[in-house]
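# Chain and residue survey
These are the residues of each chain, in order.
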Amino acid sequence: MSDTDDLRAILLEQVERLLSDRSGPDLLRANERGEWPDALWAEAEALGLPTALVPEERGGAGLGWGDAVAVWQALGRHASPIPLGESMVAAALLAAGGIAPRPGLLGLAVGREPVAWGRRAAAVVMTSGGIVLLQPGPATRQGRASFSREPADHAAPGVPAAEGRLPDAFGPEAALLAGALLNAARIAGALEAVLDMTVDYANTRKQFGRPIGGFQAVQQLLARCAGEVAAAGVAVAHAGRAADRRGLAGAEFEIASAKVVAGEAAGTCAAIVHQVHAAMGFTDEHPLHLFTRRMWEWRDGHGAERAWARRIGAKALERGGENLWPDLTAR
Amino acid sequence: MAGLRFDLRDTPPEAAALRAELRAFLAEAGRNWSPLVRGYSWMGFDREFSREVGRRGWIGMTWPAAYGGGERTALERYVVLEEMLAVGAPVGAHWIGDRQSGPLILRLGTEEQRREFLPRIVSGELAFAIGLSEPDSGSDLASLRTRAEKVPGGWRINGRKVWTTNAHKCDFMIALLRTSPAPDPKAKHQGLSQFLVDCRASGITIRPILDLVGEEGFNEITFDDVFVPDSLLVGQEGHGWEQATAELAFERAGPERYLSSLPLLTAALDDLRSEPAAPETVGRLLARAGTLRQMSLAVAGMLQDGKTPAREAALVKDVGNDYEQALPDTLRDLMDPARTPAEVQEMQRIMTMVARSYSLRGGTREILRGIIARQLGLR
């Protein structure tokens, strides 16, 4: 095991333990009522998680995108109770642009999409072309209703307090690409969680005198779901590795693919896990929807499947049939 | 999903030259392959092509040099497989020997069997078939009834096998046969054994079966007092079921489980440029193809490390089969009979038909999903 593998393993264990101990349906429901998870965030900060992607010489943990994907998957397994992923990306962009780090929650603004927990942010970070911009203060204009019901706010137009040029490897759409990778990874994690929940439920719930998981009709559904879960996990790991090797801009194909595959898996698997949970899963009381609503949120956020598919599809059409396989294997 | 792992793997750096060599070879060899040839690919059969592949050292690549093998890595072999499939090369005459029969002989065969068979598989000379299904035993394979009775010096086989791909063109088959009655109906997996059977042995009748495309791809084989010497029993008598299922990790996770219809996408692409819906559809197809390739590579990597990724292999086959099977219909929605070149339409037509087999061969989708469900812990 290399040092970076070690570091990743240690960090993952910390994140898993923190979320297992401190998060859960009650906290997620409180989030949806607009109550900021203060204690959980404070612990995440104490562990140095928000600056995990910042290089060590700038006071971070110096993790790569592949490591980040693993952390974001862990977040997804717990329905992402804090906007840690967004803050990690924002801090990484600031550092890459040579802007001094800011303490506290950093919001990530991508295009015109609202900023998760923007109202609690110490500052909002965005990119424009190859420039990273920092706008101090919270985003306060409440965003539209969303699947997750968690607070999301738009930043008022303002003059940035700082701006910096990103290295070429980040490309002109760094916030969008990193945001898409984050959402795909969270979906991959949430998919694992809902599959596990549903297998447990199918083995517990009895009808016709036996657990419904014993019926082939249910088994076929869940096996299909398992394939999608595996595909999403591989797609996001592949995208993270590509970003480490070629930078965010150079990993556009893999990030787009991850968002497409994870988004498709979110749709397919949400349908399956709800079907197996039946009426119980349709209730507010059961925690399943705390995950599935967020999966629907994340598949829409930072480019839905359609948008990313069009992008890579248009390029492939331009490159033509003779380059299709060579391009695919060059990845 | 506890315990399920897909660690990303790269094809090795030294494979770049190999890949370039393959592409040059296949571009030349494939100049006149018809849409039908490409549509059948690894179910197709071209002895001359297989001999040429053998001459170039691309069969038995990972096997010991003592048996003619190339002693190269599983991931280098993976490069050869995926390059062949990506263009729909007619690899059927060596595919089964390279993928299944050879590895089985290498692992469990006698020294004599290894020396007898492996070098001739490597050279592309010997073509193998797999004798599993029977008229009354498909998905319920262990219920098979074709039996081998002990006689002096060997075994006497009676019964029937069916759906045996290309058996009428092959030299040998590895047949799973009943050598002793099952102790009780619940233990029907016991008492099975594997044999190397000469497809031209006396008492064997092979009747080709026309498939829905109009080709003679598979067969019915009748065994009428066929004698097989003791020396051609493979592995241990009575352990045929475990031996045969251990092969499945090799059989189920290769690139042939998602690439079967890719030649159609390659052929169709240029003529989809003016189709407004094409970018989205093509993008979705590519996103999946790239992901399936990483899944399949991950399993190849585990095999290289000496692991038995049976669970992962079953998942890759299931997701991959869905993908390759849907592709011809997906592209159909983008094609315009007035504009799409005749050869592309022909390939689309053939693949629409051949694609029915993708979720049948190597274990039906339903059986596979049953296996996956049990691995998930559903009972």
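Residues numbered from 1 in each chain as written. Chains lettered and ligands numbered in written order. Predicted model: local features only at pLDDT ≥ 70, side-chain atom pairs only at ≥ 80, totals over all residues. Heavy atoms only, no water.

## Let's talk about the sheet that holds strand β3 (residues 123–128) of chain A
Residue and element names in this part refer to chain A. Across the sheet, four strands lie side by side as β1-β3-β4-β7; this open sheet has mixed pairing. Of all strands in the sheet, those bounded by a partner on one side alone are β1 (106–109) and β7 (162–165). Shown here is a sheet whose adjacent strand axes are inclined to one another by a mean of 25°, direction ignored. In the sheet, strand β4 (residues 131–136) pairs with β7 via four bridges, with the strands oriented antiparallel. Pairing of Ile131 across the sheet is with Arg165, part of β7. Strands β1, β3, β4 and β7 of the sheet are contacted by helix α5 (residues 84–96), whose axis makes an angle of about 85° with β1. (Pairing = 2+ DSSP bridges. Helix = DSSP H or I, 4+ residues; strand = E, 2+ residues; numbered from the N terminus. Axes fitted to C-alpha atoms, helices over the stretch in contact; angles between N-to-C directions. Contact = heavy atoms within 4.5 Å.)

## A closer look at the pattern of salt bridges
By the definition in use, this model includes 60 salt bridges over all chains. Residues Arg369 of chain B and Asp322 of chain B are paired through a salt bridge, measuring 3.0 Å at the closest nitrogen-oxygen approach. Residue Arg369 of chain B is located in helix α13 (residues 365–376), and its partner Asp322 of chain B is located in helix α11 (residues 310–332); the two are separated by 47 residues in the primary sequence. Taking relative accessible area as the criterion, Arg369 of chain B reaches 8% and is therefore assigned buried. A residue is classified by how much of its surface remains accessible, and Asp322 of chain B, at 24% relative accessible area, is partly exposed. The residue Asp333 of chain B makes a salt bridge to Arg332 of chain B at a minimum N-O spacing of 4.0 Å. Arg332 of chain B matches Asp333 of chain B in its accessibility class, with the two residues each being exposed. In the salt-bridge network here, residues are joined through shared partners; they are Glu228, Glu264 and Arg306 of chain A together with Glu280, Arg284 and Arg288 of chain B. (Salt bridge = Lys/Arg side-chain N within 4 Å of Asp/Glu carboxyl O. Buried < 20%, exposed > 50% of the residue type's maximum accessible area, 1.4 Å probe, protein only.)

## Quick word on the UniProt feature "domain: Acyl-CoA oxidase/dehydrogenase middle" (unreviewed entry) in chain B
With numbering matched to this structure, UniProt assigns "domain: Acyl-CoA oxidase/dehydrogenase middle" (unreviewed entry) to residues 129–226 of chain B. End C-alpha to end C-alpha, residues 129–226 of chain B measures 17 Å, and it is 0% helix and 50% strand. (UniProt positions renumbered as here; feature names shortened; annotations may be inferred.)

## A closer look at the UniProt feature "domain: Acyl-CoA dehydrogenase/oxidase N-terminal" (unreviewed entry) in chain B
Using the residue numbers shown here, the UniProt feature "domain: Acyl-CoA dehydrogenase/oxidase N-terminal" (unreviewed entry) corresponds to residues 13–125 of chain B. End-to-end, the C-alpha atoms of residues 13–125 of chain B are 31 Å apart, and along that stretch the chain is 64% helix and 0% strand.

## Focus: the interface of chain B and chain A
On the chain A side, the residues contacting the 48 residues of chain B number 49 residues. Put simply, chain B and chain A have seven salt bridges between them. Among the salt bridges present, the one from Arg306 of chain A reaches Glu280 of chain B, with a minimum N-O distance of 3.1 Å. Inspection of the region where chain B meets chain A yields 15 residue pairs in polar contact (both at pLDDT 80 or more). Breaking the side of chain B that touches chain A down by element, the ones donating at least two residues are α1 (15–29), α4 (74–86), α9 (262–269), α10 (278–304), α11 and α13 of chain B. For the side of chain B that touches chain A, the element with the most residues is α10 of chain B, which contributes 15 residues. Here the residues of the side of chain B that touches chain A sort into 23 nonpolar, seven polar and 18 charged. (Polar contact = N/O pair within 3.5 Å; in protein donor to acceptor, adjacent residues only side chain to side chain. Nonpolar A, V, L, I, M, F, W, Y, C, P; charged D, E, K, R; others polar.)

## As for the UniProt feature "domain: Acyl-CoA dehydrogenase/oxidase N-terminal" (unreviewed entry) in chain A
In the numbering adopted here, UniProt assigns the feature "domain: Acyl-CoA dehydrogenase/oxidase N-terminal" (unreviewed entry) to residues 11–96 of chain A. As annotated, residues 11–96 of chain A has a helix share of 64% and a strand share of 0%, and its two end C-alpha atoms lie 22 Å apart.

## As for the side chain of Thr291 of chain B
Relative to the helices and strands, Thr291 of chain B resides in helix α10. Not counting the four nearest positions on each side in its chain, Thr291 of chain B is found in contact with Ala231, Val234, Ala235 and Val261 of chain A.

## Here we look at the domain arrangement of chain A
Residues and elements named next belong to chain A. What the domain assignment reports for chain A is domain 1 (3–165) and domain 2 (174–330). Relative placement of domain 1 and domain 2: their C-alpha centres are 22 Å apart. Contact with domain 1, which involves 29 residues of that partner, is made by 37 residues of domain 2. Interface area, domain 1 with domain 2, both sides summed: about 2,700 Å², of which 62% is carbon and sulfur. (Domains from an automatic or database assignment. Buried area = accessible area lost by both parts, 1.4 Å probe.)

## Things to note about the environment of Ala139 of chain A
Residue and element names in this part refer to chain A. If you trace the backbone, Ala139 turns up in the loop between β4 and β5 (141–142). Ala139 sits in the buried class, given a relative accessible area of 0%. As a C-alpha pair, Ala139 and Ala122 span 17 residues in sequence and 9.0 Å in three-dimensional space. Apart from the residues lying within four places of it in its own chain, the contact partners of Ala139 are Gly118, Arg119, Val124, Asp153, His154 and Ala155.

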